Structures are given as C-alpha cells and as structure tokens.
Amino acid sequence: MAGKNAIGIVDSLPENLRHGERGHYEPDSLAGTEMTQKKNIDNELIDNLLRDYKKPEDLIGENGLLKQLTKQLLERAMAVESTEHVGYEKHDPAGQNNGNSRNGGSKKTLKGEFHRLPLAVPRNRNGTFEPQIIERHQTRFTDFDQNIISLYARGLTTREIKQHLENIYHVEVSPSLIWNVTDAVIEEGIMWQNRQLQEHYPVLYLDKIQFKVRESGQVRNKAVYVAIGVGLDGYKEVLGLWIAQTEGAKFWLKVVTELKNRGVKDILIACVDGLKGFPDAIESVFPQTTVQLCIVHMVRHSLNYVGWKERKEVARDLRRICSAASVGAAEQQLLEFGLKWDTWLPMITKTWRANWERVVPLFARPPEIRKVIYTTNAIESLNMSLRKVTKTRDSFPNDEAVFKLLYLALRNIEKRWTKPVRHWKAALNCFAILYEGRLLATQRRS
C-alpha cells in the first residue's frame, strides 16, 4: 500500500520536478535507472526519516512523512529558483539595495494527492519572480486535472466527479472548475478533428448515434456521425465526428470534402447504413469508391417488422441471402424469401429490393474481403463504448458538450486498438489484385 502511494506521490509532482529540469522521461528506462536512484539516496538518511514510523498513516497519512517531504522539496526548489532569479543567496549582503531584493513570501494551497498542501512562495520587490515548478496561478497538482478529465471521459457526471474528488482528496470542487478543466481539451479536440489524414483508406465505415441536445430552450434530437478508416496497415482510426440535426446530400458533401481537404486521396470501399445522400456525395468527391450498404444494418432494420415468435426464423432466412456465394445466388435467395414471407411481411423484401444496388457489391467480393467489410466489430463496438459513457446523461447543454465528451471517450477507445483488423493480410492481398492500379501505386509512394 505504501509503495503504491509513494508512486502516486511522484506522479502528482509537477512535470519538471519528476523528470529533472533538463531530463526527458523515458518509461522504458525506469528499470535501468532504479539502481542509480538507490545509490544516490543515503540509506542512513532514510533510516533517520523513518525512525518514528509505526503505521502506514505515518508515511502516507494526512500529515504523513511523504506530504511533509513534498512540501519541503517544493518550497526548497522555489527558493533555489528565487536565488537564481535575484542573483544572490538569502541573507547575502550583495542583495542590499540592488533594486530586485527578496521580499518575503506569499501563501499558496495546492489541491491533489495530499488533499490540501500549503506552500510558501518566495517574492521579490519588483514582482517579477514566477516559479517554474509551481506556476503563479496554479492551484492544483497536474494529476488532479488529469483525474477530472479521466473521470469525465468515462461518463461520470459533474456531480459524480465532484463527489468522487471530495472522497479521494477531501477537497471541495466546484462544478465550474470541472467544466473549466474539461473545456481545456476542446482546443485539442479541434486540432484532432482538423489533423492531416492518411492518403488512402481501403475501407471506410460510417455510422451515427442519436443524442438529445438543448438548443434555443428546447431539447432536440441530434445525430453524431462517426467515421472510421482502416489504413493500409490494417489499423483502425477515427477520422472525425460531425454533429447535425438533419442529414442530406449537402451535409455529406461537406463531410466528404473535409476528408479530401485533410489529405485523403482514395477510399476503396465505403460501408454505410443507408445514410441519405451519402452515396451521391462520396461518389462526387471519390468517384472510384464503391459504396456498400451495411448488411448488418439491413438485417436489423428488417427485423423491426417481425414479431418475436418469427424473429429467429426470419433472421435465419435473411442469413441465407447474406451468405450467398454470388450475386445470382443472392438474388435467388431473396426471391425465395419473398415467396415465403411477402404475405405477412411485405416490407422486408420491398426494402431489400429498393436498396439492392448498394447491397450487391458485397457478393462480387472474395470471402477474404467480405470478412473485413462484413464484420460489425469496427463500428458496433465503438458505438457500444460511446453509449456506455453517455448513458447517464438525459441531454447535453450544447453541441460542444457532446463533442467534448465523445472526443475524450474516443481518445481512450483508440488506445485499445493495438492490433490490425482480423483477416487483414488476406484481405489486403485481394485488394491488391482487385484494385491493382490504385493500391500498388499507393504502396510505391509510401
């Protein structure tokens, strides 16, 4: 327990104290420097510090040794910085009447790992001294803000974060502080939304999630559209978030044009769920792209017309269409499905025939590519994770609040994408054959 908290203490110190003023933190080098650190610390000094140690609270408690050491280390570091700034040691006669003499100190309280940590900050008469280790207006340890952002990204509400911090740090935190801390990532999110993208994505998935947002005194339904690209290396990447109340050709043209302006030159296959206007928009900007209607969304939409008693049987018959080996076989399975179910469920066959042009590209692809574009893991698992962090919110105060939470959630989700899409190597070989002129040119440039 003491060891864990000791590590937390180090993590809670400001950046330049943990890493050294000129040093650079390398996680892989910690093991290698462990012996050096032990040699640099006098064991006799440690024994003296722990002379009165009887229980863990003496070390990590409210008034424990680690808190006292941190206070003295920070104050000593600021004193060293002050000496360098004014140009003379404390009580040195050389500092008299030099126009920039020391002028006592001021009090500051930091919130964080040690609950409330009171500090004495040196001053000079000109008021020009600004500590580097604890900045002038800093009132919280770095990890304190990071904990707020981490809790917010996991879907906790402002009230829950406030209660959690009070339980952990025993300090009161205002809702406005939480909003200010989390708002600080909006600029980072905007940079992420506008970042340069890869030139080529063999597969693009596009889907939407509905949220309630307060606007002009009313709560409106708004859709957040999420684009996931699979690069040539098979790794997934969220390309962006777009919020809109209505979708259409103009909206999608704006989205697709943005992707192109951010560096995308070619998309081989775009998988969508029947978004209105998207096929026309993407074909106008990327005319060679194949637009593939998501089969899973088609099946799910079809089952909305089915009662629970017939649901399994209908799903089994629809699966025969999806697993057909060719376009002709798929059309035959659709015909047989209509003969069996059109009397009771005419809308299913009607929907499939209305969208057949966007469905059939799947059946013209080899199984290796089907496994990649047919899978629902890419977009469905993402949507599930996003819904998990937003389920506690009935509505959002504005679009910015939606974007902020989803961006933070996506930042965490993408950390788990450490492997390529399943079956990617086999699919890439098929892509290279089917799209030889485009894919090989890409590989030569890269």
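Residues numbered from 1 in each chain as written. Predicted model: local features only at pLDDT ≥ 70, side-chain atom pairs only at ≥ 80, totals over all residues. Heavy atoms only, no water.

**Student:** Outline helix 9 (residues 175–183), listing residues and values.
**Tutor:** Every buried residue of helix 9 is accounted for by L177, I178, V181 and T182. Take helix 9 and look down its axis: the buried residues cluster within an arc of 125 degrees, on one side only. (Buried < 20%, exposed > 50% of the residue type's maximum accessible area, 1.4 Å probe, protein only. Helix = DSSP H or I, 4+ residues; strand = E, 2+ residues; numbered from the N terminus. Arc of directions from axis to C-beta.)

**Student:** Outline helix 10 (residues 186–193), supporting the account with residue identities and numerical values.
**Tutor:** Along helix 10, the positions that sit buried rather than exposed are I186, G189, W192 and Q193. Viewed end-on, helix 10 has its buried residues packed into an arc of 115 degrees, placing them on one side of the element. Facing away from the buried side of helix 10 by more than 90 degrees, the exposed set consists of E187 and M191. Buried residues in helix 10 make contact with helix 9, strand 5 (236–244), helix 11 (249–261) and helix 20 (399–414). (Contact = heavy atoms within 4.5 Å.)

**Student:** Report on the pairing of strand 5, specifying residues and quantitative values.
**Tutor:** On any regular strand, side chains alternate: one points to one face of the sheet, the next to the other face. Counting buried positions over the nine residues of strand 5 gives seven, a clear majority of the element. As paired strands, strand 4 (residues 218–230) and strand 5 are joined by eight bridges and run antiparallel to one another. The residue bridging V224 from the neighbouring strand is I243, located in strand 5. (Pairing = 2+ DSSP bridges.)

**Student:** Just give me the short version of the packing of helix 14 (residues 311–322) against helix 15 (residues 327–341), but keep the residues and values in it.
**Tutor:** At a minimum axis separation of 8 Å, helix 14 and helix 15 run at an interaxial angle of 155 degrees. Judged by the angle between their axes, helix 14 and helix 15 are roughly antiparallel. Where helix 14 abuts helix 15, its residues E313, V314, D317, L318, R320 and I321 lie against A330, Q333, L334, F337, K340 and W341. (Axes fitted to C-alpha atoms, helices over the stretch in contact; angles between N-to-C directions. Parallel < 35°, antiparallel > 145°, perpendicular 65-115°, else oblique.)

**Student:** Quick rundown of the side chain of S395? Include the residues and the values.
**Tutor:** For S395, the position within the fold is in the loop between helix 19 (377–390) and helix 20. At a separation of 2.7 Å, a polar atom in the side chain of S395 contacts the side chain of R214. The residues contacting S395, other than those within four sequence positions of it, are K212, R214 and V219. (Polar contact = N/O pair within 3.5 Å; in protein donor to acceptor, adjacent residues only side chain to side chain.)

**Student:** Any chance you could break down the confidence of the model for the protein chain for me, citing the residues and the numbers?
**Tutor:** Residues at a pLDDT of 70 or more form 67% of the protein chain, whose mean pLDDT is 77. When pLDDT is averaged over each element of the protein chain, helix 15 comes out on top at 94 and helix 1 (residues 2–12) at the bottom at 38. (pLDDT = per-residue confidence, 0-100.)

**Student:** Explain the environment of L408 to me, and be specific about the residues and the numbers.
**Tutor:** On the secondary structure map, L408 appears in helix 20. Of the residues examined, L408 reaches a relative accessible area of 1% and is grouped as buried. C-alpha of L408 to C-alpha of G155: the two residues are 253 residues apart in sequence and 9.7 Å apart in space.

**Student:** Give me the pattern of salt bridges: which residues, what numbers.
**Tutor:** Under the counting rule described, the total for this entry stands at 13 salt bridges. Residue E215 pairs with K222 through a salt bridge whose shortest N-O separation is 2.7 Å. Take E215: its relative accessible area is 28%, and that puts it in the partly exposed class. You can call K222 buried: its relative accessible area is 7%. The closest approach of N and O atoms between R438 and D266, which form a salt bridge, is 2.8 Å. Taken together, the residues R438 in helix 22 (residues 436–445) and D266 in strand 6 (residues 266–272) connect sequence positions 172 residues apart. No difference in accessibility class separates R438 from D266, as the two residues are buried. (Salt bridge = Lys/Arg side-chain N within 4 Å of Asp/Glu carboxyl O.)

**Student:** I'd like to hear about the packing of aromatic side chains, residue by residue, with values.
**Tutor:** Applying the stated criterion across every chain, the model contains eleven aromatic pairs. Aromatic pair W192 and Y407: ring centres 5.4 Å apart, planes at 50 degrees, arrangement tilted. Residue W192 is located in helix 10, and its partner Y407 is located in helix 20; the two are separated by 215 residues in the primary sequence. Across the pair, exposure class does not vary: W192 and Y407 are buried alike. An angle of 80 degrees between the planes, with centres 4.8 Å apart, marks the rings of Y225 and W252 as edge-to-face. Taken as a pair, Y225 in strand 4 and W252 in helix 11 lie far apart in primary sequence, 27 residues in all. (Phe/Tyr/Trp six-rings, centres within 6.5 Å; stacked < 30°, edge-to-face > 60°.)

**Student:** Pulling in residues and values, what's your account of the nonpolar core?
**Tutor:** Counting residues in hydrophobic clusters, the biggest one holds 106 residues, and the most contacted among them are F278, W352, L382 and F431. Broken down by element, the residue count for this core peaks at ten residues, all from helix 20. Beyond its immediate chain neighbours, meaning those up to four positions away, W352 contacts I295, M298, V299, S302, L318, I321, C322, L334 and V359. (Core = buried A, V, L, I, M, F, W, Y, C linked by side-chain atoms within 4.5 Å.)

**Student:** An account of the environment of E380 is requested, with residue identities and associated values reported.
**Tutor:** Tracing the chain through its elements places E380 in helix 19. Judged by its relative accessible area of 16%, E380 is buried. Considered as a pair, E380 and D207 are 173 residues apart in the sequence and their alpha carbons are 9.0 Å apart.

**Student:** Report on the pairing of strand 4, specifying residues and quantitative values.
**Tutor:** Pairing analysis gives 13 bridges linking strand 3 (residues 200–215) to strand 4, with the strands arranged antiparallel. Bridge pairing in strand 4 links F211 to K222. The hairpin formed by strand 3 and strand 4 contains two residues between the paired strands, and S216 there has a positive phi angle of roughly 55 degrees.

**Student:** Describe unusual backbone geometry, listing the residues and the values that go with them.
**Tutor:** Phi at S216 takes a positive value of approximately 55 degrees, unusual for a residue other than glycine. With respect to the helices and strands, S216 occurs in the loop between strand 3 and strand 4. Of note, the phi angle at H423 is positive, near 65 degrees, even though the residue is not glycine. Residue position: H423 is located in the loop between helix 20 and helix 21 (424–434).

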